[in-house]
Amino acid sequence: MQAARNAFLLVRSFPPPAAPRWFPAGSRRVSSQDSAAAMLLEKQEVTDRVLDLLRSCPFIDPSKVSPTANFKIDLQLDMLDNVQVMVAAEEEFAVEIPNSEADKISSAAHLIAYIAAHPQAK
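Every value quoted in this text rests on a predicted model; they were computed, and no experiment measured them. In this numbering scheme, every chain counts its residues from 1 along its sequence in written order. Totals for whole chains, interfaces and linings use every residue, but because this is a predicted model, local features are given only for residues with pLDDT of at least 70 and side-chain atom pairs only at 80 or more, for both listing and counting. The basis for every side-chain value is the complete set of non-hydrogen atoms in the structure, without hydrogens or water.

In this description, a nonpolar core means a group of buried Ala, Val, Leu, Ile, Met, Phe, Trp, Tyr and Cys residues linked to one another through side-chain atoms lying within 4.5 Å. Here's how the labels work: a residue is buried when its accessible area is under 20% of the maximum for its type, exposed when over 50%, partly exposed in between, all with a 1.4 Å probe on protein chains only. One finds Leu 54, Phe 71, Val 85, Ile 97, Leu 111 and Ile 115 to be the most contacted residues of the largest nonpolar core, which totals 28 residues. Those residues in contact with Leu 111 that sit more than four places away from it in its chain are Val 50, Phe 71, Val 85, Met 86, Ala 89, Ile 97 and Ile 105. Contacts are assigned to residue pairs that have any heavy atoms within 4.5 Å of one another.

Encoded structure:
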């Protein structure tokens, strides 16, 4: 999976990273725990976006996409398809999914839960 992912990433171009946010002087400082909780996406939004992402993939039958769809059994994704879905999710939500985590994501539900819990997901 690592080799397939690296090969796929070589042919992709990534947008430049977002500029840092600057806060005006005197603004209220928020603890990292408060800001992480405040910045998490709502699960319903993540669910809708993940399902739309899966339906938009040309190698996935949109009629088989559901919040509980298993990538291999229900959507019949092979290893390369799985890598493409992970890269598309990384781009959609502006996150990086480590290979060790990507290998564990085997269904739409797993992907939704991972993104919904990711503090940098946008």
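Put simply, DSSP marks the helices as runs of H or I at least four residues long and the strands as runs of E at least two long, and each gets a number from the N terminus on. Structurally, Asp 81 can be placed in helix α4 (residues 79–93). According to the relative accessible area criterion, Asp 81 is buried, its value standing at 13%. When neighbours within four sequence positions are excluded, Asp 81 is seen to be in contact with Phe 59 and Gln 76.

We now examine helix α6 (residues 108–117). Those residues of α6 that fall on the buried side of the exposure criterion are Ala 108, Leu 111, Ile 112, Tyr 114, Ile 115 and Ala 116. Residues of α6 that are buried sit in contact with α3 (43–56), α4 and α5 (99–102).

Salt bridge, as used here: a side-chain nitrogen of Lys or Arg that lies within 4 Å of a carboxyl oxygen of Asp or Glu. For the coordinates displayed, the defined rule picks out 4 salt bridges. One salt bridge connects Arg 49 with Glu 45, and the closest N-O pair in it is separated by 3.1 Å. Here the residue Arg 49 and the residue Glu 45 both occupy positions in helix α3, the gap between them amounting to 4 residues, near one helical turn. For Arg 49, a relative accessible area of 18% gives the class buried. Residue class for Glu 45 comes out partly exposed when judged on its relative accessible area of 36%. Between Glu 92 and Arg 49 there is a salt bridge, with the nearest N and O atoms lying 2.9 Å from each other. In this pair, Glu 92 sits in helix α4 while Arg 49 sits in helix α3, placing the two residues 43 residues apart along the sequence. A single network of salt bridges, built from pairs that share partners, joins Glu 45, Arg 49 and Glu 92.

Here we come to the packing of α3 against α6. When two helices pack together, their arrangement is captured by the angle between the axes and the distance separating the axes. Two elements in contact, α3 and α6, have axes separated by 9 Å at closest approach and are oriented at 130°. Overall, the two elements α3 and α6 adopt an arrangement that is oblique. The crossing of α3 and α6 is right-handed. Contacts between α3 and α6 involve Lys 43, Val 46, Thr 47, Val 50 and Leu 54 from the first element and Ala 108, Leu 111, Ile 112, Ile 115 and Ala 116 from the second. In terms of residue class, the contact of α3 with α6 is built from 8 nonpolar, 1 polar and 1 charged. Here an axis means a line fitted to C-alpha atoms, over the contact stretch when the element is a helix, while the angle between two N-to-C directions is reported on a 0 to 180 degree scale. Here the word oblique covers every angle except those under 35 degrees (roughly parallel), over 145 (roughly antiparallel) and from 65 to 115 (roughly perpendicular). In this scheme the handedness of a crossing depends on how the near helix is turned from the far one: anticlockwise by less than a right angle means left-handed, clockwise means right-handed. Charged means Asp, Glu, Lys or Arg here, nonpolar means Ala, Val, Leu, Ile, Met, Phe, Trp, Tyr, Cys or Pro, and polar covers whatever is left, Gly included.

Attention shifts here to the side chain of Arg 49. At a separation of 2.8 Å, a polar atom in the side chain of Arg 49 contacts the main-chain carbonyl oxygen of Glu 92. At 2.8 Å, the side chain of Arg 49 forms a polar contact with the backbone oxygen of Lys 122. Non-local contacts of Arg 49, meaning those with residues more than four positions away in its chain, are made with Leu 41, Glu 92, Phe 93 and Lys 122. In protein, a polar contact requires one atom able to donate a hydrogen and another able to accept it; more generally it is a pair of N or O atoms within 3.5 Å, and residues adjacent in sequence count only if both atoms are side-chain atoms.

Purely geometric stuff here, so don't read any function into it on its own.
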